[in-house]
Amino acid sequence: MRLLIPLVLLPETVLAQAQSGWGNVGQKEEQGFSWTQPLWPELWMAWTPATFAFFVGILSSIACIGLLEIFIFRDGIERKGVFGLTTTLGDRLFISLLGSAFIFLAWLGVFGQPIWIPVIVAMAWMIFVFAKV
């Protein structure tokens, strides 16, 4: 009698393994969009969509400030702010990016994930730097 119970369950077990178990080991799975999969796996750096967006954002902000300095504000809009520094647009961009990096590092060190709150804090820091520094 004890021998018959496993034999009765055997076809269901084999069927279950064929549908979701070892029968699918060699087959490729369909994958959707992922922020962590490399865009170009053959390159030396893992350009994920997140790193690509980060570097595009940094380079485009530097380009925008450079174009503003060249074409619109030729003298550089120097002013003395609340920290007592005489800064131009490029200086303020650098201070805001550096401060944002410290905000994110401190947030990740103290709280970890999620990082949406430091995004808001970094945007407020950038607005403060461009308005008052």
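Scroll up to find the structure.
Values in this document were obtained by computation on a predicted structure and should not be read as measured data. (Residues numbered from 1 in each chain as written. Predicted model: local features only at pLDDT ≥ 70, side-chain atom pairs only at ≥ 80, totals over all residues. Heavy atoms only, no water.)

Undergrad: Which residues make up the layout of surface pockets, and what values do they have?
TA: The space that makes up the largest pocket amounts to roughly 720 Å³. Taken together, 17 residues form the lining of the largest pocket, with Ala 53, Phe 54, Ile 58, Phe 104 and Val 119 sitting closest to its centre. Those elements that provide at least two residues to the lining of the largest pocket are helix H2 (49–72), helix H3 (89–110) and helix H4 (116–132). Grouping the constituent residues of the lining of the largest pocket by class yields 14 nonpolar, three polar and no charged. (1 Å grid on protein atoms, 1.4 Å probe; cavity = no way out; pocket = protein on both sides within 12 Å on 5 of 7 lines; lining within 4 Å. Points joined across faces, edges and corners; volume = space filled by probe spheres on them. Helix = DSSP H or I, 4+ residues; strand = E, 2+ residues; numbered from the N terminus. Nonpolar A, V, L, I, M, F, W, Y, C, P; charged D, E, K, R; others polar.)

Undergrad: How would you summarise H4 if you had to cite specific residues and measurements?
TA: The first and last C-alpha atoms of H4 sit 24 Å apart over 17 residues, in line with the 24 Å expected at 1.5 Å per residue. Within the sequence span of H4, burial applies to Pro 118, Ala 122 and Val 129. Angular distribution of buried residues about the axis of H4 spans 40°; they occupy a single face of the element. Turned more than 90 degrees from where H4 packs its buried face, Trp 116, Ile 120, Met 123 and Ile 127 sit exposed. Residues of H4 that are buried in the fold lie against strand S1 (79–80) and H3. (Expected span 1.5 Å × (residues − 1). Buried < 20%, exposed > 50% of the residue type's maximum accessible area, 1.4 Å probe, protein only. Arc of directions from axis to C-beta. Contact = heavy atoms within 4.5 Å.)

Undergrad: Explain the packing of H3 against H4 to me, and be specific about the residues and the numbers.
TA: In the contact formed by H3 and H4, the axes pass within 9 Å of each other and the chain directions differ by 155°. Taken as axis vectors, H3 and H4 run roughly antiparallel relative to one another. The chirality of how H3 crosses H4 is right-handed. Contacts from Leu 89, Arg 92, Leu 93, Ile 95, Ser 96, Leu 97, Gly 99, Ser 100, Ile 103, Phe 104 and Trp 107 of H3 reach H4 at Ile 117, Pro 118, Val 119, Val 121, Ala 122, Trp 125, Met 126, Val 129 and Phe 130. In terms of residue class, the contact of H3 with H4 is made up of 16 nonpolar, three polar and one charged. (Axes fitted to C-alpha atoms, helices over the stretch in contact; angles between N-to-C directions. Parallel < 35°, antiparallel > 145°, perpendicular 65-115°, else oblique. Left-handed = near helix turned anticlockwise from the far one by under 90°.)

Undergrad: Let's hear about a nonpolar patch on the surface: which residues, and what values?
TA: Nonpolar side chains collect at one region of the surface, where Leu 39, Trp 40, Leu 43, Trp 44, Phe 52 and Val 56 lie side by side and expose about 650 Å² of accessible area between them. Mapped onto the fold, Trp 44 is located in the loop between helix H1 (4–20) and H2. We classify Trp 44 as exposed; its relative accessible area is 78%. (Patch = residues over 30% accessible without salt bridge, like charges linked within 9 Å, V, L, I, M, F, W, Y side chains within 5 Å. Areas by Shrake-Rupley, 256 points an atom, 1.4 Å probe, with all protein chains shown as cover. Salt bridge = Lys/Arg side-chain N within 4 Å of Asp/Glu carboxyl O.)

Undergrad: Break down the packing of H2 against H3 for me, with residues and values.
TA: Describing two packed helices takes the angle between their axes plus the distance from one axis to the other. Closest axis-to-axis distance for the H2/H3 pair is 9 Å, and the angle between their directions is 160°. One way to sum up the angle between H2 and H3 is to call them roughly antiparallel. The way H2 lies across H3 gives a crossing that is right-handed. In this structure, H2 uses Ile 58, Ser 61, Ile 62, Ile 65, Leu 68 and Glu 69 to contact H3, whose residues at the interface are Leu 89, Gly 90, Leu 93 and Leu 97. Split by residue class, the contact of H2 with H3 holds seven nonpolar, two polar and one charged.

Scope: geometric values only; no functional claims are made or implied.
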